[in-house]
Each structure stands twice: as C-alpha cells, then as structure tokens.
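# Fold and contact review
These are the residues of each chain, in order.
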Amino acid sequence: MRLIFLGTSAGAPTKSRNVTAIALQWIQLGKIWLFDCGEGTQHQFHRAPINISKVDSIFITHMHGDHVFGLPGLMASRSAAQGSLEPLALYGPEPLNELLQQTLDLTHTRIKYPWTLQSIKQGIVLEDDQCTVECRLLNHGIPSYGYSIVEKAQPGEFLPEAAMGRGVRPGPDFAILKSGEDILLDDGSVVYSSDVVGPPRRSRKIVICGDTGVTDATVELARDADVLVHEATFMAEQTERAVSVGHSTTVQAAEAARNAGVKQLILTHFSPRYEQQNSEMMSALLAEAQSVFPNTVLAEDFLVQTIMPQSD
C-alpha cells in the first residue's frame, strides 16, 4: 500500500500546496481510495503517479470546502475525460448527498458510471475480503470523522524454490500449497504448506483523521496503527487559537500519536502561513513534533509513503 498526498494545505491553496486530498493506493489490487477531495484535486492527479480512473472509493471526513469542493469536478472528469465506467462508492457525512445532487443537477453534469453514497456514522462503514474501515467522530466545529483502515490477515509469501526443492512441479500444486493445504506427491511423500510458505504477514493499519482538536477519539481510533495521518494546522505557540477553531498544533498531534502507540506520524493540513518553501519554518514545525514523537514526517504535496507488510 502507498499513501500519496495530493494536497496538504489548510483552508486555501498556496504556491506549493493544494488543499486536502490523500490517495491510498492498493498496488496489488490496482485500485485507489481517495480521502477528501479539495478544490483542484483532479489537477493534482495529473502531476502524481496515479490515475483518476483507478479511484473506486472516496471517503470524505467532513463538509468544509477545502475538503469537498473538488469532488463534483473529479467525478465528472472520471466520467468524461478518463472514460471510466466502473462503479464509484462514496462515503461521507449526510449533507454530502445534497451537495452532489444539486451541483450535478444545476450544472447538467451527467455521470456515466453508477455511483453510490453511504452516509457515515460512528462504527464500521465498510468491510470486504481485504480490510475493515471504521470511522470515529472527532472534535471540530462541524461533524468531522477519522477513518481507520485495518487490513485483514494476509498469508505469508510463497517460496517456489523451496517447493521445487521438495519435488513439486510448477503448476496447480503451487496454488494448493500457497492456499495453506498440503499435497501428496506421486512417490508417497507429503509436502507441507508450512514448509514452503513464509510466516503470515502482519496486518497493516492506517488511520487518516479529518480536521480535529484534541480528543480521546483520535487515540482510540489510532491505537497501534502503522501510520497516523493527523492535521497540524498550527505551531505550539498558537495553541489557544487551535483550541478555539477546533484544530490541532504540532505538539498536540504528536501527543496523540504517542498516546496511541502508533509507529509513524505524518503531519498535514498546515496553515498557509507555513509555506512549504520556507525551509526554516518547516524545520521548526518538524522539531516541535519530534520533540514529543520522534518518528514524525511532514507531508508535502506528492509525498509518497509506502506501508510495507511485515512478518510477525
């Protein structure tokens, strides 16, 4: 899996940052999930190593414009310029339906592919063979949610050389062993799946939070995550302002990561006052967070973060 940051600015774009959008690329499955879709997100796809036509699910954290203004345009581009007829599933707060229906109707925009919208509430919003997605209400001026994506148990890597060394010929028997079943060879010997399949891969957990102030819900949602993506709209000196507008500082986000026991924290959603091109300012942001949680990364537009499977 890879996280690709398409926009990392809060409220308004800057010269070097677009507003919020994060793509989760399921590399082996050939699909992309999008989390939030600020204005101009479809332009960012043209500059990133991913394609709009591969987006099959979009998750919206809340209804502020810097997180949703790009959605109608992206849906239209996916239908027209990209020519994708594959279904699109959307998940978000209940008002999202009115926004999309009115915008598409008033602009006479015809979406050629089937699309569905599920209004989210706290709890499980999606479960399939690959993963479980849960959302939790956070602490913002309007309902804002965080999403956890928890991968289901994955089998270990099949070791073809080990299988052939035990007399197994490439073909259907490989698939049987890979599925966890043992096989009986013509000479009467048994080849055990456990001898030719590596240890199970630990499930990965990614948590992507919408705009939020300090809340226990973040810690509960992010418990033991591989990666927590959290907003850091302000530096610590702006703590009072952050509290008043339902946002977080670098230090508050780092404290949430530490308390949740996550492995890595990625900060995003920076106030436009912290321009990415100002290296001194960005270094100060990073230093504040790392003083609390050392394994912190500052997101920038088009940052690609790979989350590798690990063996138990």
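Structural data are supplied above this passage.
Below or above, wherever it landed, is the structure these notes cover. Model, not experiment: these values are computed from the prediction. (Residues numbered from 1 in each chain as written. Predicted model: local features only at pLDDT ≥ 70, side-chain atom pairs only at ≥ 80, totals over all residues. Heavy atoms only, no water.)

### A closer look at the overall build of the protein
Helix and strand counts for the protein stand at eleven helices and 18 strands. In the protein, which comprises 312 residues, the share counted as buried stands at 52%. When contacts within the protein are restricted to residue pairs at least 6 apart in sequence, long-range pairs at least 24 apart make up 62% of them. Looking at the protein as shown, the accessible area adds up to about 14,300 Å², and 49% of this sits on carbon and sulfur atoms. (Helix = DSSP H or I, 4+ residues; strand = E, 2+ residues; numbered from the N terminus. Buried < 20%, exposed > 50% of the residue type's maximum accessible area, 1.4 Å probe, protein only. Contact = heavy atoms within 4.5 Å. Areas by Shrake-Rupley, 256 points an atom, 1.4 Å probe, with all protein chains shown as cover.)

### Details of helix H10 (residues 250-260)
Taken together, the buried positions of H10 are occupied by Thr 250, Gln 252, Ala 253, Ala 254, Ala 256, Ala 257 and Ala 260. Positive phi appears at Gly 261, one or two residues downstream of H10, with a value of about 70°.

### Notes on the nonpolar core
Val 207, Leu 228, Val 262, Leu 265, Leu 267, Phe 270 and Leu 285 are the most contacted members of the largest nonpolar core, which totals 29 residues. Among the elements of the structure, strand E13 (205-209), helix H8 (216-222), H10, strand E15 (264-268) and helix H11 (279-290) are those that each provide at least two residues to this core. Counting 28 residues, the second largest nonpolar core, distinct from the first, contains Met 1, Phe 59, Tyr 91 and Cys 135. (Core = buried A, V, L, I, M, F, W, Y, C linked by side-chain atoms within 4.5 Å.)

### What to know about the sheet that holds strand E8 (residues 131-137)
Strand order in the open sheet formed by seven strands is E7-E8-E9-E13-E14-E15-E16, and the pairing between neighbours is mixed. The open sheet has two edge strands, strand E7 (123-127) and strand E16 (296-298), and neither has a second partner. Averaged over all pairs of adjacent strands, the angle between strand axes in this sheet comes to 20°, irrespective of strand direction. The pairing of E8 with strand E9 (residues 145-151) spans seven bridges and is classified as antiparallel. By the bridge assignment for E9, Arg 136 is matched with Gly 146. Most of the contacts of H10 go to E15, to which it runs at about 155°, and overall it touches strand E14 (227-231) and E15. Across the sheet, H11 touches E15 and E16, and the angle it forms with E16 is around 160°. (Pairing = 2+ DSSP bridges. Axes fitted to C-alpha atoms, helices over the stretch in contact; angles between N-to-C directions.)

### Here we look at the pattern of salt bridges
A side chain with one charge may pair with a side chain of the opposite charge, provided their charged atoms come close. Tallied over the entire structure, the rule returns four salt bridges. Glu 127 is the partner of Lys 152 in a salt bridge, and the nearest nitrogen-oxygen pair spans 3.1 Å. Here the residue Lys 152 occupies a position in the loop between E9 and helix H5 (160-165), and Glu 127 occupies one in strand E7, the gap between them amounting to 25 residues. Taking the shortest distance from any N to any O, the salt bridge between Arg 204 and Glu 151 comes out at 2.7 Å. Linking Arg 204 in the loop between strand E12 (201-202) and E13 with Glu 151 in strand E9, this pair joins segments that are 53 residues apart in sequence. For Arg 204, a relative accessible area of 8% corresponds to the buried category. (Salt bridge = Lys/Arg side-chain N within 4 Å of Asp/Glu carboxyl O.)

### Observations regarding the pairing of E15
Counting buried positions along E15 yields five of five residues, so the element is predominantly enclosed. Neither face of E15 is left uncovered, since the one carrying Gln 264, Ile 266 and Thr 268 and the one carrying Leu 265 and Leu 267 both have all their residues buried. Pairing of E14 with E15, which is carried by five bridges, proceeds in the parallel orientation. Bridged to Glu 231 within E15 is Thr 268. The pairing of E15 with E16 spans three bridges and is parallel. Residue pairing for E16: Ile 266 is matched across the bridge by Val 297.

### Focus: unusual backbone geometry
Comment: phi is negative for the bulk of residues other than glycine, and the bulk of peptide bonds are trans. In the Ramachandran plot, Asp 36 falls in the positive-phi region, its phi being about 70° despite a non-glycine side chain. Looking at where Asp 36 falls in the secondary structure, it is placed in the loop between strand E3 (31-35) and helix H1 (41-47). In this structure Asp 36 comes out as buried when scored by relative accessible area, which is 3%. The phi angle at Phe 302 is positive, at roughly 80°, despite the residue not being glycine. Inspection of the secondary structure assignment puts Phe 302 in the loop between E16 and strand E17 (304-306).

In short, shape yes, function no, at least from these values alone.
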